[in-house]
Amino acid sequence: MSEDTFDVIVIGAGENGLVLGNYLGKAGQKVLVCERRLESGGGLSTEECTILGCWHNTGSYYHDTVQVTPIYQDLDLVNANAIYIHPPVQSSLLKRDGESLTLFSDLEQTEAEIARWSKEDAQAWRRHSEAFHSALSSHYQPYLLNPAQNGMGHEDFDSRSDSTPLEAVQAEFKHPMTQALLLSHFMVPRGILSNYEGAGRFLQLVVGTSASNRIVEGGSHELAQALWTEQLRNNGWVWDSTPIKRILIEEGKAVGVETSTGRELHAKVVVSTVDLQTTFQTLVGPEHIPQELAPQLQAFQLEEFSLFVIHAVMDEVPTVNAKDDHVSRALRWTLGFESAEDVQEHIAQIQAGKVPNRLGAVVSCPSLHDPSQALPGKHTFLLWQLVPSRLKSGDWSDVADSYAQQILDWVSEYLPNMKGKNVLRQVVMSPQDLVTKWQYPQGTVFGGKSAGAQLGADRPIPELANYRTPIKNLYLGGASMHPGAGIEGASGYVAAKVIADDLGISIPASV
Amino acid sequence: MTTNGDKEFDGIVIGAGHNGMILQGYLLKAGLSVAVVERHLEVGGGLDAHENPRAHGFWHNIHSQNHRAVPNLPWFKDLDLASYGQEYIWPEIAVGMLFRDKTCLLWHNHDIEQTCASIARFSEKDAKTFRDFNRRFTPVVQSIIGPETFSPPMQAEKKREMLEKSELGKLYYEFADRSINDVVEEVFESDQVKAMVTYLFLLRGNELGEVGQGYIVPVACAAGISSTISKGTSHRMAHTLNQMVIKNGGEVYEGQAAAEILIEDGRAAGVRLADGRILKARQFVVSTLNPQQTFLQLINGDKIDSHLKKRAENFKYSLTTPIMTLHLALHERPMWAAAEYDPNVMKAWLMVMGVDSTEDIRVVLEECAAGELPQRLQLIGGVPTVFDPTQAPEGKHVAWFWQLAPYNLKQGPEHWDEVIDEMCEKEIKLLNQYAPNINGKTIVDWFGQSPLDVSRHLPNMQNGDWMCGELNADQFLDKRPFPECSQYSTPVEGLYIAGSSCHPGGNITGAPAYNAAGVIVRDMKADLWWKAPELEKIWAKLPVDFPA
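Residues numbered from 1 in each chain as written. Chains lettered and ligands numbered in written order. Predicted model: local features only at pLDDT ≥ 70, side-chain atom pairs only at ≥ 80, totals over all residues. Heavy atoms only, no water.

1. Let's talk about the overall build of chain A
Part 1: When helices and strands are tallied, chain A shows 16 helices and 19 strands.
Part 2: Relative to the 2.2 N^0.38 estimate, which gives 24 Å for 511 residues, the radius of gyration of chain A is 22 Å and therefore close to what a compact globule would have.
Part 3: Its C-alpha atoms give chain A principal-axis dimensions of about 65 × 50 × 50 Å.
Part 4: Classification of the 511 residues of chain A by burial places 65% in the buried group.
Part 5: Restricting the contact set of chain A to residue pairs at least 6 apart, pairs at least 24 apart contribute 73%. (Helix = DSSP H or I, 4+ residues; strand = E, 2+ residues; numbered from the N terminus. Rg over C-alpha atoms; globule rule 2.2 N^0.38 Å. Buried < 20%, exposed > 50% of the residue type's maximum accessible area, 1.4 Å probe, protein only. Contact = heavy atoms within 4.5 Å.)

Next comes the structure, spelled out in structure tokens:
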């Protein structure tokens, strides 16, 4: 086989691209993963973007579904130095008056904590958490790790197929604090807004994973390094700084790719893990798009929001205005939401395309849980807030800096030392930056709206839902595909399974 | 027996810069099990690039920029690095010297006639000298300099005895026994040509006044500048090396600083990491750090003799290699005013400004020695995106410019943090004189890096000396870093050294690693699977007369 010929070429070395490359490599295929950027990993990105020696997770930060699928065990990532840290104090919803609601890695502690606010909610939490874990291998894993289906054959999941998260949460939980906490967990990291139709089906998944947030020692990019290390150990190649200009198509079949420097690389199978627009309009080219596909591609909806991100390096560890001591050790602090109404007001502004002045954010101090991410004695800080991907009027670059200041002033009401000289350096990322950095369409990071018809069997569009495309030997495998972003590597895994089926080989897998 | 995350290998390499990884690759392919430990989360040492956090999509090479003929180097081929998708770009013109009067002098990468034509516009005589050196010294490069670079250095007296038997060797010593400054003054007449040759070798880390390096002038005319650019930034090359190591079964411990080289019964037995874990070495430990880190910081003082400690303490760093860098993210590429004089200047890679004569260089060297900020600015830099568009968003550009500057300012090195931005602003003004389109409107973002930042980021480059030790007569060839360690082994059994503090020094040559690999593989009686030059045999066979 020549240097420029492979069995499989994967476009995009994000988590999904690397996971699918790993599985096909383990199945004996010679896989090349091509990445446009210098650094592989897509959102698994950790950079010294404030001061040298302080590392910031500029994309994905904590991972809550690592143990929901067997992917990381299958790929033996621990052996490639991806080590997860699971902080005991997981997630605190802070009220402005210093009260708080906290989730712990230990279910008993969580139950006792919720019971301080509502005994009924505490029982409901335990019930749903246990229901999730008992259905994990029988229902959730088969659902997440196979091409999309409409139902899961599980009563709680299927019966909520038409409800919104708000309806599902309000039906099962009574206290405003519990409701707000859950709805914020739907938003971050699931990318689901409280009024998304049909997304109420994920209630038990959200409850079941809300306290399983893990961070990667040394930063999320270490996971990318582990993935490509395993890729290389399994007959694979990862070429970064290798943008793909087009997918080579001959007689309706994908036969390879052409790189930006004009190099032609050939393969039996080509997989795109980048967004649908780029895949079809740029890489495939309009002349190869079948007529029936074009209107469906147009109808595909991106989510209407993106992220506004602030990274900072601090001279001292953040102090938290909270009555309970354990709150200061939480991995995640949620600010600005004390009830479902707060969440809804915030979302209404986003959906109206306004820069939200009803603030609500998730913040964290990564170096508190992993000191290796900062210089000795210094601390890293991270804030995410949902914002409209496109503003009705104005441009993100005009408002980003003043908005960041407004947000930080507000944050200091919850974290009093998050201001002044204690903030040594900060970096702001607006939706526009997510476009230029990762080429995420309109800065959206969740691969397409997780609502209505784009959930279940028709994700992303009916014509593409089985991971195959009308162009023979061209497959899809990114976050646009079921089960979407945030289920670590799952859509890459399913794509590998579909491709393996078509090639008549089997991938090693425990599911 | 290993416990609690302790592991055992045949050998451990400290430092995953390019030398550490190349060395690991050779040793792995020789059948040895080897791990590398790196304090930084990203491997590559000076092969580093960062995305601009204020201007995403713009990638800045924050350290190494210009690589010399990397695709032609032995390790690039031996380790099959092209198979990792690593591409190198050869700019047509390596250097463009821009002068204050808007003229320019161009040094082509391949075409000697074009270079001579450019020189002839300043001096016919210098063009003739240049062409003559090119012809006469090409065999010197092939038979003396090339093999010497990729071999452990031969003891000086023995070398002289061998080389002086041939006319080529005599020709070499005719210039080697002088300094770069002396040779340049003697052989060239044009200020501009003198300035070009002198400045380029100053920036390559050579010491201009040191006797012993004068051969570099004619050799340069023969070997050329041979500039190559790593497609996808310099850090892409770090990825390539890292992948090569993994493909060959090597372990890489990133984010794991070595805290101690363990010495047991007088021999190197392993490395203790900062987190307490122990990596045991059955056969050897190699440090690619500088001698002070290796012998004074990483080895318990009781374990080595005082003579070796003294040697390490006395190891000197250069006062004339430290640089400050201006990084630019640009809406458009610089349009050199000198294009009116010679339109080819737009195709040049390394651009030099503010160096019209050796007098300009003398002034900046005096300022460096005195710990003063340079007043008469001189820039050398380039616009990688002219050759490799992947380093910036479509249609946009990144650029970098170096300024020689002292690490030890009179006010102390920390003063750099206060003056770096001001220096950058002055440099932007200077740049604007040579490329009037570079101004507030076309600059997306800029930032500076001082010599202090260099040593913070890469502590082996002590005092900002990226050569990792001055190339003075006492630290050159068989005396680098000091005679006892010049063959890459050390007085401590099982301990080797292999970084830029060894022969032939800094820059992306991979030669310290290549040479150390041969020594270690022979000592371990492992498989010497590659064809390394055998210096003694090559030099013994030099023809007595000049080749026809």
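2. Brief notes about the overall build of chain B
Part 1: Scanning chain B for helices and strands turns up 17 helices and 19 strands.
Part 2: Over its C-alpha atoms chain B spans a radius of gyration of 23 Å, differing by no more than 12% from the 24 Å that the globule rule assigns to 548 residues.
Part 3: With the C-alpha coordinates of chain B rotated into their principal frame, the extents come out at 70 × 60 × 45 Å.
Part 4: Counting over 548 residues, chain B shows a buried share of 65%.

3. Structural notes on the domain arrangement of chain A
Residues and elements named next belong to chain A.
Part 1: Annotation of chain A at the domain level lists domain 1 (5–36 + 242–301 + 445–503) and domain 2 (129–209).
Part 2: Put simply, the middle of domain 1 and the middle of domain 2, counted by C-alpha atoms, are 27 Å apart.
Part 3: Surface buried jointly by domain 1 and domain 2 totals about 1500 Å² across both partners, of which 65% is contributed by carbon and sulfur atoms.
Part 4: If you sort the residues of domain 1 by the area they bury against domain 2, Phe-446, Leu-455 and His-482 come out on top, with a joint share of 30%.
Part 5: Put simply, domain 1 and domain 2 have 0 salt bridges between them.
Part 6: Here domain 1 and domain 2 share 6 residue pairs in polar contact (both at pLDDT 80 or more) between them.
Part 7: Residue composition of the side of domain 1 that touches domain 2, by class: 11 nonpolar, 5 polar and 2 charged. (Domains from an automatic or database assignment. Buried area = accessible area lost by both parts, 1.4 Å probe. Salt bridge = Lys/Arg side-chain N within 4 Å of Asp/Glu carboxyl O. Polar contact = N/O pair within 3.5 Å; in protein donor to acceptor, adjacent residues only side chain to side chain. Nonpolar A, V, L, I, M, F, W, Y, C, P; charged D, E, K, R; others polar.)

4. Some points on the side chain of B:His397
Part 1: Note on placement: B:His397 falls in strand E17 (residues 397–404).
Part 2: Not counting residues up to four positions away in its chain, the partners in contact with B:His397 are B:Phe58, B:Leu328, B:Ala329, B:Leu330, B:Glu332, B:Arg333, B:Val383, B:Thr385, B:Val386 and B:Ala392.

5. Observations concerning the nonpolar core
Part 1: A:Phe202, A:Ile247, B:Leu23, B:Trp75 and B:Phe295 are the most contacted members of the largest nonpolar core, which has 207 residues in total.
Part 2: The element that contributes the greatest number of residues to this core is helix H4 (residues 119–144) of chain A, accounting for 9 residues.
Part 3: Residues lining this core come from more than one domain, with at least three contributed by each of domain 1 (5–36 + 242–301 + 445–503) and domain 2 (129–209) of chain A.
Part 4: Apart from the residues lying within four places of it in its own chain, the contact partners of A:Phe202 are A:Tyr143, A:Phe157, A:Phe186, A:Ile192 and A:Leu455. (Core = buried A, V, L, I, M, F, W, Y, C linked by side-chain atoms within 4.5 Å.)

6. Brief notes about the packing of aromatic side chains
Part 1: Scanning the model with the defined rule gives 39 aromatic pairs over all chains in all.
Part 2: Centroid distance A:Phe308 to A:Tyr403: 5.0 Å. Interplanar angle 70 degrees. Geometry classified as edge-to-face. One end of the pair, A:Phe308, is in strand E14 (residues 305–314); the other, A:Tyr403, is in helix H14 (residues 396–411), with 95 residues separating them in the sequence.
Part 3: You can call A:Phe308 buried: its relative accessible area is 0%.
Part 4: With a centroid separation of 5.0 Å and an interplanar angle of 45 degrees, the aromatic rings of B:Tyr172 and B:Tyr215 are classed as tilted. Taken together, the residues B:Tyr172 in helix H6 (residues 167–176) and B:Tyr215 in the loop between helix H8 (191–203) and helix H9 (216–223) connect sequence positions 43 residues apart. One exposure class covers both B:Tyr172 and B:Tyr215, and it is buried.
Part 5: Within the aromatic cluster, the residues linked to one another by ring pairs are A:Phe132, A:Tyr140, A:Tyr143, A:Phe157 and A:Phe202.
Part 6: The lysine or arginine in question, A:Lys30, covers the ring of A:Phe6, its NZ or CZ lying 4.7 Å from the ring centre. (Phe/Tyr/Trp six-rings, centres within 6.5 Å; stacked < 30°, edge-to-face > 60°. Lys NZ or Arg CZ within 6 Å of the ring centre and 35° of its normal.)

7. Focus on the environment of A:Val33
Residues and elements named next belong to chain A.
Part 1: Structurally, Val-33 can be placed in strand E2 (residues 31–34).
Part 2: Accessibility expressed as a relative area gives 0% for Val-33, which makes it buried.
Part 3: Residues Val-33 and Val-8, 25 residues apart in the sequence, show an inter-C-alpha distance of 8.3 Å.

8. A look at the interface of chain A and chain B
Part 1: Opposite the 35 residues of chain A that make contact, chain B presents 32 residues.
Part 2: Roughly 3200 Å² is buried in total at the junction of chain A and chain B, and carbon and sulfur atoms are behind 52% of that figure.
Part 3: Run the count over chain A and chain B and you get 4 salt bridges.
Part 4: Taking the shortest distance from any N to any O, the salt bridge between B:Arg236 and A:Asp240 comes out at 2.7 Å.
Part 5: In this assembly, chain A and chain B are joined by 18 residue pairs in polar contact (both at pLDDT 80 or more).
Part 6: Secondary structure elements with two or more residues in the side of chain A that touches chain B: helix H9 (221–233), strand E10 (236–239), strand E18 (423–429) and helix H15 (431–438) of chain A.
Part 7: Here the residues of the side of chain A that touches chain B sort into 12 nonpolar, 12 polar and 11 charged.

9. Remarks on the sheet that holds strand E9 (residues 227–230) of chain B
Residues and elements named next belong to chain B.
Part 1: An order of E5-E9-E6 is seen for the 3 strands of this open sheet, with the pairing classed as antiparallel. Lying at the two open borders of the sheet, with one neighbouring strand each, are strand E5 (67–68) and strand E6 (88–89).
Part 2: Alignment of E6 against E9, held across 2 bridges, turns out to be antiparallel. Note that in E9 the partner of Ile-89 across the bridge is Ile-229. (Pairing = 2+ DSSP bridges.)

10. Quick word on the side chain of B:Asp342
Residues and elements named next belong to chain B.
Part 1: Note on placement: Asp-342 falls in the loop between strand E14 (323–330) and strand E15 (348–353).
Part 2: Within the structure, the side chain of Asp-342 is placed 3.0 Å from the backbone nitrogen of Asn-344, a separation counted as a polar contact.
Part 3: Sequence-distant contacts of Asp-342, that is, excluding residues within four places in its chain, are made with Cys-104, Leu-106 and Arg-121.

11. Considering the pattern of salt bridges
Part 1: Per the counting criterion, the structure on display carries 57 salt bridges over all chains.
Part 2: Between B:Glu51 and A:Arg37 there is a salt bridge whose closest N-O contact spans 2.4 Å. Note that B:Glu51 is positioned in strand E3 (residues 49–51) and A:Arg37 in the loop between E2 and strand E3 (46–47), a pairing that runs across two chains.
Part 3: A salt bridge links B:Glu359 to B:Arg362, with the shortest nitrogen-to-oxygen separation between them at 2.7 Å. Within this pair, B:Glu359 and its partner B:Arg362 are both found in helix H13 (residues 358–370), separated by 3 residues, close to a single helical turn.
Part 4: Exposure remark for B:Arg362: the relative accessible area of 39% places this residue in the partly exposed category.
Part 5: Through salt bridges with shared partners, one network takes in A:Asp4, A:Arg263, B:Glu87 and B:Lys231.

12. Overview of the environment of B:Ile438
All names here are of chain B.
Part 1: Residue placement: Ile-438 occurs in the loop between helix H14 (416–434) and strand E18 (443–449).
Part 2: Overall, the relative accessible area of 1% leaves Ile-438 in the buried class.
Part 3: Sequence separation of Ile-438 and Met-335 is 103 residues, and the distance between their C-alpha atoms is 8.0 Å.
Part 4: Setting aside its immediate chain neighbours within four residues, Ile-438 contacts Leu-330, Glu-332, Arg-333, Pro-334, Leu-431, Asn-432 and Ile-443.

13. A short note on the sheet that holds strand E9 (residues 214–216) of chain A
All names here are of chain A.
Part 1: Pairing is antiparallel in the open sheet, where 3 strands are placed in the order E5-E9-E6. A single partner strand is all that each edge strand has here, and the edge strands are strand E5 (62–63) and strand E6 (84–85).
Part 2: Pairing between E6 and E9: 2 bridges, direction antiparallel. Bridged to Ile-85 within E9 is Ile-215.

14. Things to note about the packing of helix H1 (residues 15–26) of chain A against helix H16 (residues 490–503) of chain A
Residues and elements named next belong to chain A.
Part 1: Interaxial distance between H1 and H16 falls to 7 Å at its minimum, and their mutual angle equals 35 degrees. By crossing handedness, the relation of H1 to H16 is classed as right-handed. Seen from H1, the contacting residues are Asn-16, Val-19, Leu-20, Tyr-23 and Leu-24; seen from H16, they are Ala-490, Ser-491, Gly-492, Tyr-493, Ala-495, Ala-496, Ile-499 and Ala-500.
Part 2: Classifying every residue of the contact of H1 with H16 by side-chain character gives 10 nonpolar, 3 polar and no charged. (Axes fitted to C-alpha atoms, helices over the stretch in contact; angles between N-to-C directions. Left-handed = near helix turned anticlockwise from the far one by under 90°.)

15. Regarding the pairing of strand E1 (residues 5–11) of chain A
All names here are of chain A.
Part 1: Most of E1 sits out of view: 6 of its 7 residues are buried.
Part 2: Where E1 and strand E13 (residues 264–272) come together, 6 bridges link them in parallel fashion. From the neighbouring strand, Phe-6 faces E13, where its bridge partner is Ala-267.
Part 3: For E1 and E2, the ladder comprises 4 bridges, and the chain directions are parallel. Within E2, the residue paired with Ile-9 across the bridge is Leu-32.
Part 4: Running through H1, the crossover from E1 to the neighbouring parallel element E2 is right-handed. (Right-handed = clockwise from strand over helix to strand, strands pointing away.)

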